[in-house]
Amino acid sequence: MNFSKCLTFLILFSLVMLCGACKSSSDTIVFSEINKALANNLQQLNKEAGIIQSGISSDPQKKVFKIGIAIDRNILTNERLKQVIDTYLESSIASTSEQDWKKLMLPYTLKIEEMENGKTDFLLAEKQSGKTVLIWRE
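Summarised in this report is the structure supplied together with it. Worth saying up front: this structure is predicted, and the values here are computed from it rather than measured. (Residues numbered from 1 in each chain as written. Predicted model: local features only at pLDDT ≥ 70, side-chain atom pairs only at ≥ 80, totals over all residues. Heavy atoms only, no water.)

### Comments concerning helix 3 (residues 78-93)
And step 1. Taking 1.5 Å per residue as the helical rise, helix 3 with its 16 residues ought to reach 22 Å, and the 23 Å between its terminal C-alpha atoms agrees with that figure.
And step 2. Turning to helix 3, its buried residues number three or more, namely Leu 81, Val 84, Ile 85, Tyr 88, Leu 89, Ser 92 and Ile 93. Around the axis of helix 3, the buried residues are gathered within 145° of arc, so they sit on the same side. (Helix = DSSP H or I, 4+ residues; strand = E, 2+ residues; numbered from the N terminus. Expected span 1.5 Å × (residues − 1). Buried < 20%, exposed > 50% of the residue type's maximum accessible area, 1.4 Å probe, protein only. Arc of directions from axis to C-beta.)

### Overview of the nonpolar core
And step 1. Ranked by internal contacts, the top residues of the largest apolar core, which has 27 residues, are Leu 45, Ile 69, Ile 85, Leu 89, Leu 110, Ile 112 and Leu 134.
And step 2. Sorting the residues of this core by element identifies helix 1 (2-40), helix 2 (42-46), strand 2 (64-71), helix 3, helix 4 (101-104), strand 3 (109-116) and strand 4 (119-127) as the ones contributing at least two each.
And step 3. The biggest single contributor to this core is helix 3, with six residues.
And step 4. Contacts of Leu 45, omitting those with residues within four sequence positions, involve Ile 51, Ser 54, Ile 67, Ile 69, Val 84, Ile 85 and Tyr 88. (Core = buried A, V, L, I, M, F, W, Y, C linked by side-chain atoms within 4.5 Å. Contact = heavy atoms within 4.5 Å.)

### Points about unusual backbone geometry
And step 1. Even without being a glycine, Lys 63 presents a positive backbone phi close to 60°.
And step 2. By secondary structure assignment, the location of Lys 63 is in the loop between strand 1 (51-59) and strand 2.

Put into structure tokens, the structure is as follows:
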């Protein structure tokens with residue numbers, strides 16, 4: 001009887017570990033899919049009047065995506081920038097398995113940063129992990 005309990009415990013423990021590994025692998029795949037979609041669609045941002053340059057960085061360990069944008073403030077207003085970013089996120093995520101960027105990026109942090117001289121200089125907007133709203137700094 002003791003052997004039977006031990007065997008049952010080992011089987012259950014193995015299943016829990018296997019499920020945890022599958023979840024972790026699935027998270028990595030989703031993170032990579034989002035990162036690729038955002039990177040592949042940067043041309044959309046770069047074509048926008050008033051955007052000089054854009055780039056993306058990410059950290060899968062911290063579950064963070066950062067989009068850096070160099071902006072010509074004489075051409076691009078804050079309101080137009082918000083529209084451009086929203087359109088960029090929608091069209092980027094449309095190439096993934098999920099059509100709603102807010103739903104897909106729920107477990108991740110997204111930061112939109114203004115770049116100057118090739119370095120991020122100022123946080124423009126942030127969507128925190130577990131939230132669906134991109135909050136803009138004024």
